[in-house]
Amino acid sequence: MRNRKISIFDTTLRDGEQTPGVSLTPEQKIEIAHQLSKLGVDTIEAGFPIASAGDMESVRNIANAGLTSEICGLARVLTKDLDTCIDAGVGMIHTFVSTSDIQRIHTIKKSREEVVEMSVNAVQYIKDHGMRCMFSAMDATRTDLDYLIEVYKAVEDAGCDIINVPDTVGIIAPSGMYRLISKLDKEMNIPIDTHCHNDFGLAVANSLMAIEAGASQAQVTVNGLGERAGNADLAETVMSLHSIYGAKTNISTEYIVETARMVERYTGVQIPPHMPIVGENAFAHESGIHTHGVLENSDTFEPGIMTPEMVGHTRRIVLGKHAGKHAVLRSLQSANINPTDAQLDAIIKKVKMLADKGKRITDADLYTIALDILGRPEGMPPIDLKEVSVMTGNITTSTAVVKALVNGKECVTSNVGVGPVDAALKAVETLIGQHTKVTIHDFKIEAVTGGSDALAEVVIGVQDDKGRIVTARAANADIVLASVEALVTAINMLLKT
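About the criteria used
- Residues numbered from 1 in each chain as written.
- Predicted model: local features only at pLDDT ≥ 70, side-chain atom pairs only at ≥ 80, totals over all residues.
- Heavy atoms only, no water.
- Phe/Tyr/Trp six-rings, centres within 6.5 Å; stacked < 30°, edge-to-face > 60°.
- Helix = DSSP H or I, 4+ residues; strand = E, 2+ residues; numbered from the N terminus.
- Buried < 20%, exposed > 50% of the residue type's maximum accessible area, 1.4 Å probe, protein only.
- Lys NZ or Arg CZ within 6 Å of the ring centre and 35° of its normal.
- Contact = heavy atoms within 4.5 Å.
- Expected span 1.5 Å × (residues − 1).
- Axes fitted to C-alpha atoms, helices over the stretch in contact; angles between N-to-C directions.
- Parallel < 35°, antiparallel > 145°, perpendicular 65-115°, else oblique.
- Left-handed = near helix turned anticlockwise from the far one by under 90°.

Colleague: Help me out: how do you make sense of the packing of aromatic side chains in this one?
Modeller: Aromatic ring pairs are reported here in terms of the distance separating the ring centres and the angle at which the planes meet. Scanning the entire structure with this criterion turns up two aromatic pairs. Judged by centre distance (6.3 Å) and plane angle (85°), the ring pair of Phe135 and Tyr152 falls under edge-to-face. Of this pair, Phe135 sits in strand S5 (residues 132-138) while Tyr152 sits in helix H7 (residues 145-157); the two residues are 17 residues apart in sequence, bridging distant segments of the chain. Taken individually, Phe135 and Tyr152 each receive the classification buried, so the pair is uniform in this respect. Looking at Lys38, its charged tip hangs above the ring of Tyr255, at a distance of 4.6 Å from the centre. Residue placement shows Arg112 over the ring face of Tyr147; its charged tip is 4.6 Å from the ring centre.

As structure tokens, then:
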């Protein structure tokens, strides 16, 4: 397959709207069509014009938009459907009819002979109007092979330009698809296209097997949209062709992520973080071994033959419970934060502690944690906080218990307050009362990031009995702990000066 040219036929505008809950406006459809043309899609199936006046309008607008992609309309093998496509001004008509016994008998209720006749008449009608024609034997993978070949050869003789082999209910195995296309390729003299559904998660694999076996075109959708479990995903199919098989397409791969995000935005169907190529985690690394390797040479834990830059993505180093020293240090240095080894160890310890509690650590969180650690006095602090416990409720007076080493001696104290933060801060003041008297000069809490698990940054100003004022900060997903840590840091700064 190396250097073979494969054509990409995109059905997002048709199959995307068959995704449950998706309804695109005419304006959104034409924007997506422009994006698909920019991406380099060879053929865009703009819709099913007979379905509604809105579909007809959208298909006509797209056909008249002057796009570089060929514009195709979908039609049953019925004259009224074909006429609607012709009126819409498309360059190709994709006509289809059920050929498997189960669909033929129970849906269209036609004999095998009638289906062949209807197919031939539809193709001839399209060609008589000077248009390109694609023919699909719907449910091809459940159609008797001899009969399937008979139908395809009949439409070929009628002038059809390309046949499509749909795995309509997604039931064929990749090896089965390879055998089927191999047999059809020996029988047919016109190009073969394939349309695979993803009911068993095999749509991309089946599309690739079809191409290996001789198909020259694959039908895909952006983000794998489509009815039931969707269709073969554009990004996965194209990048497999380019990077694994060494085949060629007209797709400008650097626009793949951009296109995926546009379709996500308009359809409201979110891209799963772990989705290959376009997902948020597609080029993200957290594990210490992985991040160390990727920072040294990205090929160590990435395919190498596909990079984030190739598809318009970015590589991310994710900080969490598996984060290693190299990843954390590289992230900090990129923000011009240069901790000592001891400070870096403290930062990593804090990151892992928060991650163990289910907190997702963003870059903003990391920088806040780092500034908190870097702002603390180095060496053994006069007050080494060990434990904070708080009891609060709507009918309970807020009570806090604080345990710490004060100049190497373990001390425990408690206090009450108008809320958990007030109670905890008063407990700290009680704890250090015999060493220094302090008053809180100012107090500010800010959420670093959004969400109920946002990291809280507390900035606190403290004044001692000598009139000295210091300001300290702390960051924690727990507001009470952030407040206590900020106060203890400020007091340590006073006691060490």
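Colleague: Help me understand the environment of Ala232, please; the structure alone is not making it clear to me.
Modeller: Tracing the backbone shows Ala232 in the loop between strand S8 (217-220) and helix H10 (234-245). By relative accessible area, Ala232 is classed as buried at 0%. Taking the C-alpha atoms as reference points, Ala232 and Gly201, separated by 31 residues in sequence, lie 8.9 Å from one another. Those residues in contact with Ala232, other than ones at most four positions away along the chain, are Cys196, Ala203, Val204, Ser207, Gln219, Val220, Thr221, Gly224 and Thr237.

Colleague: Sorry, what's going on with helix H11 (residues 256-267) here?
Modeller: Given 3.6 residues per helical turn, the α-helix brings residues three or four places apart onto the same face. In this model, H11 (12 residues) spans 16 Å end to end at C-alpha, consistent with the 16 Å of a helix rising 1.5 Å per residue. All of the buried residues along H11 are Ile256, Val257, Thr259, Ala260, Met262, Val263, Tyr266 and Thr267. Those residues of H11 that are buried lie in contact with helix H1 (12-15), helix H2 (26-39), H10 and helix H13 (308-311). At the C-terminal side of H11, Gly268 shows a positive phi close to 80°.

Colleague: What exactly am I supposed to notice about the packing of helix H4 (residues 79-88) against helix H6 (residues 112-128) here?
Modeller: Two packed helices can be described by the angle between their axes and the distance between those axes. In the contact formed by H4 and H6, the axes pass within 11 Å of each other and the chain directions differ by 25°. Classified by the angle their axes make, H4 and H6 are roughly parallel. In this structure, H4 crosses over H6, and the sense of that crossing is right-handed. The segment H4 lies against H6, with Thr79, Leu82, Asp83 and Ile86 engaging Ala122, Tyr125 and Ile126.

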